[in-house]
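# What the coordinates show
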Amino acid sequence: MGRSAAVAEPAVAIAGGGPSGLMLAAELALAGVDFVVLERRPDQELVGSRAGGLHSRAIEILDQRGVAERFLAAGQTAQTTRIGETALDIGDFPTRHPYGLGLWQNQIERIMAEWVGELGVSIHYGHEVTGFAQDDDGVDVELADGRSLRARYLVGCDGGRSPIRRAAGIDFPGWDATTSSLIAEVEMSGEPEFGIRHSDVGISGLNPMSEDGPIRVVVAERQLETGDEPSVEELREALVAVYGTDFGLHSPTWISRFTDATRQAAAYRDRHVLLAGDSAHIHSPAGGQGLQNGMQDAVNLGWKLAQVVRGTSSDDLLDTYHSERHPATARAIQLTMAQTVLQRPGPRVEALRDTIAELTEMDEPRKHLAARLAGLDVRYDLGDGHPLLGRRMPDLDLIAAGGPVRTYMLLHSARPILLNLGEPGTFEIAPWANRVQLVDATYTGPWELPALGRVPGPTAVLIRPDGHVAWAGEPDDPSLREALSTWFGPPSTQASSRSSDRESPVSQTGIVS
């Protein structure tokens with residue numbers, strides 16, 4: 001494929017250094033897996049602020065890794081969950097983070113890049129993946145400059161137009177765009193009308209990004225337009241159509257276009273190639289689902305990929321990435337489609353908005369919709385059993401041997417946990433002791449889940465590294481061994497001779513220039 005260069009052979013190549021790629025890099029780094037991050041941009045800087053905000057579950061995921069406070073300190077917490085124009089207060093939800101976080105994507109990426117840097121991750125900027133060829137053992141990854149590298153697995157976190165998805169031949173079914181809007185950051189010499197504006201075109205808005213900074217513009221277009229690089233003149237015309245003036249806009253730093261095109265990859269995996277984030281799903285930004293779905297993809301995939309690479313689990317474990325994340329994201333996408341309809345002009349849609357507003361004044365509909373939008377209702381289908389099975393583990397205040405500890409603090413190292421809340425010493429997991437932490441603790445409070453309410457408290461819970469419950473039950477339940485084998489590999493005969501299956505510190509391979 002043209003000129004070659006000497007390259008190392010990482011176990012995993014991540015194409016894309018956006019939020020999904022960075023989250024996956026953090027997961028693999030914590031697992032001690034050999035990998036490389038390839039980002040086509042020359043650096044981490046984004047032109048423009050891009051998307052903004054994290055929902056409750058995304059904040060919980062960051063809390064599980066001990067870094068949530070970094071993001072919270074940089075943004076503004078608020079009740080941001082909305083369906084259409086109706087605010088859904090989650091302040092009474094049983095989570096340590098019953099709110100959303102206002103924080104632009106460029107800031108989110110900057111903080112994430114700093115974090116993964118502390119974990120020993122080097123991002124290879126200016127390295128664009130253009131294609132690949134895979135065989136039974138791995139993938140040859142092709143770069144735009146003619147070089148290539150060999151990896152066991154390639155993960156495409158390379159955006160909605162993903163070259164990796166296309167090269168893999170993975171179908172991307174869904175629905176074409178019906179509406180479009182322009183988004184920009186500009187200066188204005190006139191007096192802009194700040195706030196939301198309803199018109200026969202749709203919903204638009206002007207808001208200052210800071211006291212003396214640029215103005216963020218979101219303006220609906222009268223006709224469906226396409227193209228990622230709209231002109232200043234197109235922005236002027238759209239503003240005039242809605243407001244009757246362009247407010248003397250000048251000095252744009254960023255102009256882009258988004259639509260309600262909605263698509264989801266038919267498969268998240270093709271042998272040694274996997275997809276995460278926007279490469280696996282695109283949709284309207286209404287409802288702010290994109291960032292949190294990409295982060296949940298990454299934390300679901302990371303530990304599974306690490307176990308397969310280390311030989312702890314068979315390759316079949318990677319199939320559960322699709323079987324879990326595809327239906328979960330399909331539900332989120334369904335909500336973005338509903339949000340788009342609710343933003344359309346006209347008396348019929350206004351009647352629908354009013355009806356939803358009336359319904360969500362009642363607790364049950366409010367909690368149901370809000371839990372979906374905040375990502376707190378995700379349940380992976382792990383079969384029948386305790387109500388916790390497949391759901392996110394609540395962040396309980398525990399008393400362990402070392403003193404008070406929160407459940408999410410136990411997940412900071414991204415290792416699975418068997419949390420025993422009964423009599424110490426009643427669980428014997430020696431064949432998995434090098435993979436699963438056994439924690440004896442006590443908890444006396446209620447067990448409560450968003451939307452579901454209170455559930456019976458189990459004696460013990462097996463928690464996966466992504467924070468979802470793999471098993472809940474009693475000491476004599478034979479299904480525990482099955483769950484341990486399913487998720488964390490067959491019992492080891494060498495449990496007493498080595499302390500951990502994971503490598504430490506992080507081993508990371510880079511491209512050799």
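In what follows, the structure referred to is the one given above.
Below is a summary of the structure that appears in this document.

## Considering the overall build of the protein
When its secondary structure is counted, the protein shows 12 helices and 30 strands. Taking 24 Å as the expected radius of gyration for a compact globule of 513 residues, we find that the protein reaches 24 Å, a close match to that expectation. Overall size of the protein, expressed as C-alpha extent along the three principal axes, is 75 × 65 × 40 Å. With 513 residues in all, the protein has 54% of them scored as buried. Within the protein, counting contacts between residues at least 6 apart in sequence, those at least 24 apart form 71% of the total. One way to put it: in the protein the 45 positive side-chain charges average out to a point 2 Å from where the 70 negative ones average out.

## Focus on the nonpolar core
Ranked by size, the top nonpolar core spans 86 residues in total, and within it Val12, Leu54, Phe71 and Leu462 carry the most contacts. Listed in part, the 20 residues of the second largest apolar core include Leu410, Ile417, Trp447 and Val461.

## Observations regarding the packing of aromatic side chains
For the coordinates displayed, the defined rule picks out 6 aromatic pairs. Taking 5.6 Å as the distance between ring centres and 50 degrees as the angle between the ring planes, the aromatic pair formed by Tyr268 and Tyr321 counts as tilted. Placement of the pair is Tyr268 in the loop between strand 19 (262-264) and strand 20 (269-270) and Tyr321 in helix 8 (residues 319-342), with a sequence separation of 53 residues. Since its relative accessible area comes to 0%, Tyr268 is described here as buried.

## Section: the side chain of Gln134
Tracing the sequence through the fold places Gln134 in strand 9 (residues 129-134). A distance of 2.9 Å separates a polar atom in the side chain of Gln134 from a polar atom in the side chain of Asp270. Within polar-contact distance, the side chain of Gln134 engages the backbone nitrogen of His272 at 2.9 Å. If we skip the residues at most four places from it in the chain, Gln134 touches Val139, Asp270, Arg271, His272 and Val273.

## Quick word on the pairing of strand 10 (residues 139-143)
Along strand 10, the buried face is formed by Val139, Val141 and Leu143; none of Asp140 and Glu142, which line the opposite face, is buried. Where strand 9 and strand 10 come together, 5 bridges link them in antiparallel fashion. Bridging across to strand 10, Gly131 finds its partner in Glu142. Bridge count between strand 10 and strand 11 (residues 148-151): 4 bridges; the pairing is antiparallel. Across the sheet, the residue bridging to Val141 is Leu149, located in strand 11. Between the end of strand 10 and the start of strand 11, which pair antiparallel, lie 4 residues, with Gly146 showing a positive phi angle near 95 degrees.

## Overview of the sheet that holds strand 10
One key point about sheets: their strands pair by backbone hydrogen bonds, in either a parallel or an antiparallel sense. Here we have 3 strands laid out as an open sheet, ordered 9-10-11, and antiparallel in their pairing. Where the open sheet ends on each side, the last strands, each with one partner, are strand 9 and strand 11. Each adjacent strand pair in this sheet contributes to an overall mean axis angle of 25 degrees, direction not counted.

## Quick look at the pairing of strand 2 (residues 35-39)
Most of strand 2 sits inside the fold, with 5 of its 5 residues counted as buried. Covered by surrounding structure in strand 2 are Phe35, Val37 and Glu39 together with Val36 and Leu38, the residues of both alternating faces. Alignment of strand 1 (residues 12-15) against strand 2, held across 4 bridges, turns out to be parallel. Looking at the pairing, Val12 lines up with Phe35 of strand 2. Pairing geometry for strand 2 and strand 8 (residues 123-125), over 3 bridges, is parallel. Counterpart to Val37 in the pairing with strand 8 is Ile123.

Parameters and conventions
- Residues numbered from 1 in each chain as written.
- Predicted model: local features only at pLDDT ≥ 70, side-chain atom pairs only at ≥ 80, totals over all residues.
- Heavy atoms only, no water.
- Helix = DSSP H or I, 4+ residues; strand = E, 2+ residues; numbered from the N terminus.
- Rg over C-alpha atoms; globule rule 2.2 N^0.38 Å.
- Buried < 20%, exposed > 50% of the residue type's maximum accessible area, 1.4 Å probe, protein only.
- Contact = heavy atoms within 4.5 Å.
- Lys, Arg positive; Asp, Glu negative; His and termini not counted.
- Charge placed at Lys NZ, Arg CZ, Asp CG, Glu CD.
- Core = buried A, V, L, I, M, F, W, Y, C linked by side-chain atoms within 4.5 Å.
- Phe/Tyr/Trp six-rings, centres within 6.5 Å; stacked < 30°, edge-to-face > 60°.
- Polar contact = N/O pair within 3.5 Å; in protein donor to acceptor, adjacent residues only side chain to side chain.
- Pairing = 2+ DSSP bridges.
- Axes fitted to C-alpha atoms, helices over the stretch in contact; angles between N-to-C directions.

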